[in-house]
Amino acid sequence: MVPVIIGVADIKNKTTKAEDAKEPLQLMVEAIVAAIRDTQLSNTEILKLKSSIDSLSVVKTWTWTYADLPHLISQKLSISPRLTHYTKQGGNQPAKLLDEESLRIAGGQSRVSLITGGEALASCVCSILQTKVGVEIPSFDLENVSLSISDCSLYVDDLDGIHSIGLPIQVYPMYENGFRAHRGQSLAENHMDSASLYSRFSQVAVTRPYSWNFQSKVETPESIAQVTTKNRMICLPCEFVHASLKPEVWRKLILAIDPLLMNAFNSVNLAAACIVTTAEYAAELGVPRSKWIYPLGGAGATDSEEGKLTFFFTSFSVKPIPDNVQKDDSFLTCLSLESTQFFLQSRHFQVIRWMFGIIRSH
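Here is a short report on the structure shown in this document.

Attention shifts here to helix H4 (residues 93-106). Its 14 residues place the ends of H4 20 Å apart at the C-alpha level, agreeing with the 20 Å of an ideal helix rising 1.5 Å per residue. Within H4, the full set of buried residues consists of Gln93, Lys96, Leu97, Leu98, Asp99, Glu101, Ser102, Arg104 and Ile105. At the C-terminal side of H4, glycine 108 shows a positive phi close to 75 degrees.

If you walk through the whole model with that rule in mind, you get one aromatic pair. The ring of phenylalanine 179 carries arginine 183 above its face, with NZ or CZ at 4.3 Å from the centroid.

This part is about the packing of helix H7 (residues 168-182) against helix H8 (residues 187-205). One can describe the packing of H7 onto H8 by two numbers: an axis separation of 10 Å at closest approach and a directional angle of 110 degrees. In terms of orientation, H7 lies roughly perpendicular with respect to H8. For the crossing formed where H7 meets H8, the hand is right-handed. Note on element contacts: H8 touches H7 through Leu187, Asn190 and Ser194, opposite Glu176, Asn177 and Arg180.

Once that is clear, we can look at the pairing of strand S1 (residues 3-12). Most of S1 is tucked away, with seven of its 10 residues classed as buried. In this structure, S1 lies alongside strand S7 (residues 269-278), joined through nine bridges in antiparallel fashion. Looking at S7, one finds that alanine 9 is bridged to alanine 273.

Calculation criteria
Residues numbered from 1 in each chain as written. Predicted model: local features only at pLDDT ≥ 70, side-chain atom pairs only at ≥ 80, totals over all residues. Heavy atoms only, no water. Helix = DSSP H or I, 4+ residues; strand = E, 2+ residues; numbered from the N terminus. Expected span 1.5 Å × (residues − 1). Buried < 20%, exposed > 50% of the residue type's maximum accessible area, 1.4 Å probe, protein only. Phe/Tyr/Trp six-rings, centres within 6.5 Å; stacked < 30°, edge-to-face > 60°. Lys NZ or Arg CZ within 6 Å of the ring centre and 35° of its normal. Axes fitted to C-alpha atoms, helices over the stretch in contact; angles between N-to-C directions. Parallel < 35°, antiparallel > 145°, perpendicular 65-115°, else oblique. Left-handed = near helix turned anticlockwise from the far one by under 90°. Contact = heavy atoms within 4.5 Å. Pairing = 2+ DSSP bridges.

Honestly, that's just the spatial picture; any functional story needs more than this.
Next up, the structure:
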């Protein structure tokens, strides 16, 4: 069986007004509906496609906690997948799921796989602020949701928690400083190097409709590097501060901060979805071949889960992945040296624990 992606979609809820707030469940359902429409099938064939969905994989949300999010999504869409999977949290999970579901399709274990994920921290903060002053937000299904801005409890008892190096803003600086020292850079040189990198990210983001910063002002290296009240210090060398905040302190702190220009931009309301099936079934349904996207290869690796690393200037999990992906398919030529170097030099290279996925359109 040859797996193909036949539908993709992104959803952005930019507003932070209480009456327009949406939880991740709602955003994901909207993304899935949009991905189904993206197949360009007739209404009759869409019903056939939905009835054939036998696998649903969902990336675990960070901003909301659900007892069984795949089940809630299935109810909203009136689908009955045989297999449902709710992952661990992690930025690697979307690519990992695409790799796993493509393998399931190729092995005949699934006919149609649905992958989705989303976050709604902007609405989360909005809802808390509004409920504090007695404003109800009717769009939230509070019977199924326990609001959680940041659950730090998973870091309490393990080695990371004991030494306060479990949160991203604690562990990233260890790699960043190790990488900086390995390259012989001063703090100031590394700071401007990273600011220049993020400025290039900004140039791309403002041109993409589904980017949170679409049509915003392009941030320059100078504006990113300069610490201000809206670009406050977080952690060295990304800026500064945060050693070992207790969960209750973190929850209070996050309500007061503005998005920071040299850290992950998490105060967003975004979701995405994609549909994977076999080339044979895509043809049977009548999905235009111009919509087919072939996942050609995938690979994964994991750094030490116990923090047992002797140095922090490289990531053992990232370095072999490009080669392993290429081994999956002898005619992969789109992985350039430049793109490899980009990953290895990016500020957050160390957290890519799974999959350098290569996808080529037919």
